[in-house]
Amino acid sequence: DKIVPLDKVIEMLQAAGARYKTNVDGKKVLLSNGATDIILTRTTCEHAKLQNNPSQACNEYLDLFVTPSGTINKCIVANNEQESILPEVKSRDDFAVVAKLKSINEKLGVGCVYNSHKQIQANNRRGVSLSFGG
């Protein structure tokens, strides 16, 4: 499953006659061929990787999706970053559901893997030596 970069998709669409219209918030690109408008959206992680603070970008742009089993993925990359709202939903306690959603929302982007990569890159540019393991 190869992911095609957004820039490549834009090139392909322009080669097919679509014209660039505008870039919205660095995440969405609008194109048109006159009859059809095309909106391309960069995935949250791809957008976050390009930012100076990936954790903050993830928190600002990641949408919450509730699975049929009542779980919410707090990270697109780390599938083990899930939290369930099913007990709160089953209790029919609106305040508990809202509180749980707020709590999950505050955790989005915390510990972002791309934040770690940015820090390692910055340390390497400064000549900082990092060692892992024991």
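Basis of the calculations
Residues numbered from 1 in each chain as written. Predicted model: local features only at pLDDT ≥ 70, side-chain atom pairs only at ≥ 80, totals over all residues. Heavy atoms only, no water. pLDDT = per-residue confidence, 0-100. Helix = DSSP H or I, 4+ residues; strand = E, 2+ residues; numbered from the N terminus. Contact = heavy atoms within 4.5 Å. Patch = residues over 30% accessible without salt bridge, like charges linked within 9 Å, V, L, I, M, F, W, Y side chains within 5 Å. Areas by Shrake-Rupley, 256 points an atom, 1.4 Å probe, with all protein chains shown as cover. Salt bridge = Lys/Arg side-chain N within 4 Å of Asp/Glu carboxyl O. Buried < 20%, exposed > 50% of the residue type's maximum accessible area, 1.4 Å probe, protein only. Pairing = 2+ DSSP bridges. Polar contact = N/O pair within 3.5 Å; in protein donor to acceptor, adjacent residues only side chain to side chain. Axes fitted to C-alpha atoms, helices over the stretch in contact; angles between N-to-C directions. Arc of directions from axis to C-beta.

**A word on the confidence of the model for the protein**
So, step 1. Averaged over every residue, the pLDDT of the protein is 75; the share at 70 or more is 78%.
So, step 2. In the model of the protein, helix 6 (residues 113-125) stands out as the element of lowest mean pLDDT, 55, in contrast to helix 4 (residues 86-90), which has the highest, 92.
So, step 3. pLDDT under 50 marks residues 120-134. Its contacts with residues more than four places away, or in other chains, come to five contacts.

**What to know about a nonpolar patch on the surface**
So, step 1. A cluster of nonpolar side chains, Ile76, Val77 and Val113, forms an exposed patch at the surface whose accessible area comes to about 230 Å².
So, step 2. Relative to the helices and strands, Ile76 is located in the loop between strand 4 (71-73) and strand 5 (82-84).

**Let's talk about the environment of Glu46**
So, step 1. Locating Glu46 in the fold gives a position in helix 2 (residues 44-49).
So, step 2. When the C-alpha positions of Glu46 and Tyr114 are compared, they lie 9.6 Å apart, and in sequence the two are 68 residues distant.

**As for the pattern of salt bridges**
So, step 1. Overall, the coordinates contain four salt bridges when judged by the stated rule.
So, step 2. For Glu83, the salt bridge identified is with Lys100, shortest N-O distance 3.7 Å. Placement of Glu83 in strand 5 and of Lys100 in helix 5 (residues 94-107) is noted, with a sequence separation of 17 residues between them.
So, step 3. Residue Lys100 is joined to Glu88 by a salt bridge in which the shortest nitrogen-to-oxygen separation is 3.6 Å. Taken together, the positions of Lys100 in helix 5 and Glu88 in helix 4 put the pair twelve residues apart, joining distant regions of the chain.
So, step 4. Glu88 sits in the buried class, given a relative accessible area of 17%.

**Comments concerning the pairing of strand 3 (residues 37-41)**
So, step 1. Examined bridge by bridge, strand 2 (residues 28-32) and strand 3 share five bridges and lie antiparallel to one another. In the sheet register, Ser32 faces strand 3, and the bridge partner there is Asp37.
So, step 2. Count of turn residues in the strand 2/strand 3 antiparallel hairpin: four residues, of which Gly34 carries a positive phi of about 100°.

**Focus on the side chain of Ser32**
So, step 1. Following the sequence through the fold, Ser32 ends up in strand 2.
So, step 2. Exposure remark for Ser32: the relative accessible area of 11% places this residue in the buried category.
So, step 3. At 3.2 Å, the side chain of Ser32 forms a polar contact with the backbone oxygen of Thr36.
So, step 4. At 3.0 Å, the side chain of Ser32 and the side chain of Asp37 are in polar contact.
So, step 5. Look past the residues within four positions of Ser32 in its chain and what remains in contact with it is Gly17, Ala18, Arg19, Lys21 and Asp37.

**Focus: the sheet that holds strand 3**
So, step 1. Overall, antiparallel pairing links the three strands, which are arranged 1-2-3 in an open sheet. Only two strands of the sheet have a single neighbouring strand rather than two, namely strand 1 (19-24) and strand 3. Put simply, the sheet's adjacent strands are angled 20° from each other on average, direction ignored.

**Overview of the pairing of strand 2**
So, step 1. The sheet contact formed by strand 1 and strand 2 spans five bridges and is antiparallel. Among the inter-strand pairings, Tyr20 is bridged to a residue of strand 2, identified as Leu31.

**Some details on helix 3 (residues 54-61)**
So, step 1. Every buried residue belonging to helix 3 is among Pro54, Ser55, Ala57 and Cys58, and all of these are buried. The buried residues of helix 3 occupy an angular sector of 165° when projected down its axis, which confines them to one face.

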